[in-house]
Amino acid sequence: MFRFIILLVIFYLLYRAAKMLFAPSEKQPERTPPIPREIGRGEDLVEDPYCHTYVPVSVAYRAHINGKIVYFCSQGCFENYRSQKAKDITKE
């Protein structure tokens, strides 16, 4: 009986090893999205003043604030920034 249990354990371990070697992995690591082709190497990055994310100038959302061009990572960050500034002005 003891030999039978040992054989079952050995066969199970061999089965798991073979399955791990020959079966494709079900869980693929998450890949970062590819950089669009229009973004070249060495392009300047700008910092979003709201979320502090750095984005390439060519894909940044631009807004004119107080006569200056301010860059954002998205229109959502721009709107959040604008609403936050409006709240800050009303507090004063």
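Before reading further, recall that the structure is shown in the block above.
What comes next concerns the included structure. Here the structure is a predicted model, which is why all the values come from computation and not from measurement.

Conventions adopted
- Residues numbered from 1 in each chain as written.
- Predicted model: local features only at pLDDT ≥ 70, side-chain atom pairs only at ≥ 80, totals over all residues.
- Heavy atoms only, no water.
- Helix = DSSP H or I, 4+ residues; strand = E, 2+ residues; numbered from the N terminus.
- Buried < 20%, exposed > 50% of the residue type's maximum accessible area, 1.4 Å probe, protein only.
- Contact = heavy atoms within 4.5 Å.
- Areas by Shrake-Rupley, 256 points an atom, 1.4 Å probe, with all protein chains shown as cover.
- Patch = residues over 30% accessible without salt bridge, like charges linked within 9 Å, V, L, I, M, F, W, Y side chains within 5 Å.
- Salt bridge = Lys/Arg side-chain N within 4 Å of Asp/Glu carboxyl O.
- Core = buried A, V, L, I, M, F, W, Y, C linked by side-chain atoms within 4.5 Å.
- Pairing = 2+ DSSP bridges.

What follows concerns the overall build of the protein chain. Along the protein chain, the regular secondary structure elements total two helices and four strands. Listed N to C, the secondary structure of the protein chain is α-β-β-β-β-α in terms of helices and strands. Taking all 92 residues of the protein chain together, 13% fall into the buried category. Relative to all contacts within the protein chain whose residues are 6 or more apart in sequence, the contacts with residues 24 or more apart total 20%. Taken as a whole, the protein chain presents about 8700 Å² of accessible surface, with 59% of it coming from carbon and sulfur.

So, on to a nonpolar patch on the surface. Judged by side-chain polarity, Met1, Phe4, Ile5, Leu8, Val9, Tyr12, Leu13 and Tyr15 come together as a nonpolar surface patch covering roughly 910 Å² of accessible area. Among the structural elements, isoleucine 5 can be located in helix H1 (residues 2–22).

Counting residues in each nonpolar core, the largest one holds six residues, listed as Ala63, Val70, Phe72, Cys77, Phe78 and Tyr81. Only strand E4 (68–72) and helix H2 (75–91) provide two or more residues apiece to this core. With three residues, the single largest contributor to this core is H2. In contact with alanine 63, other than residues within four places in its own chain, are Lys68, Ile69, Val70, Phe72 and Phe78.

What follows concerns the pairing of E4. As defined by bridge partners, strand E3 (residues 61–65) adjoins E4 across five bridges and the pair is classed as antiparallel. Note on E4: the bridge partner recorded for isoleucine 65 is lysine 68. Linking E3 back to E4 in an antiparallel pair, the connection comprises two residues, with asparagine 66 at a positive phi of about 55°.

Counting through the fold element by element, tyrosine 61 comes out in strand E3. With relative accessibility at 29%, the residue tyrosine 61 sits in the partly exposed group. Taking the C-alpha atoms as reference, tyrosine 61 lies 5.6 Å from serine 74; in sequence the two are 13 residues apart. When sequence neighbours within four positions are dropped, the list of residues in contact with tyrosine 61 reads Val70, Tyr71, Phe72, Ser74, Gln75 and Phe78.

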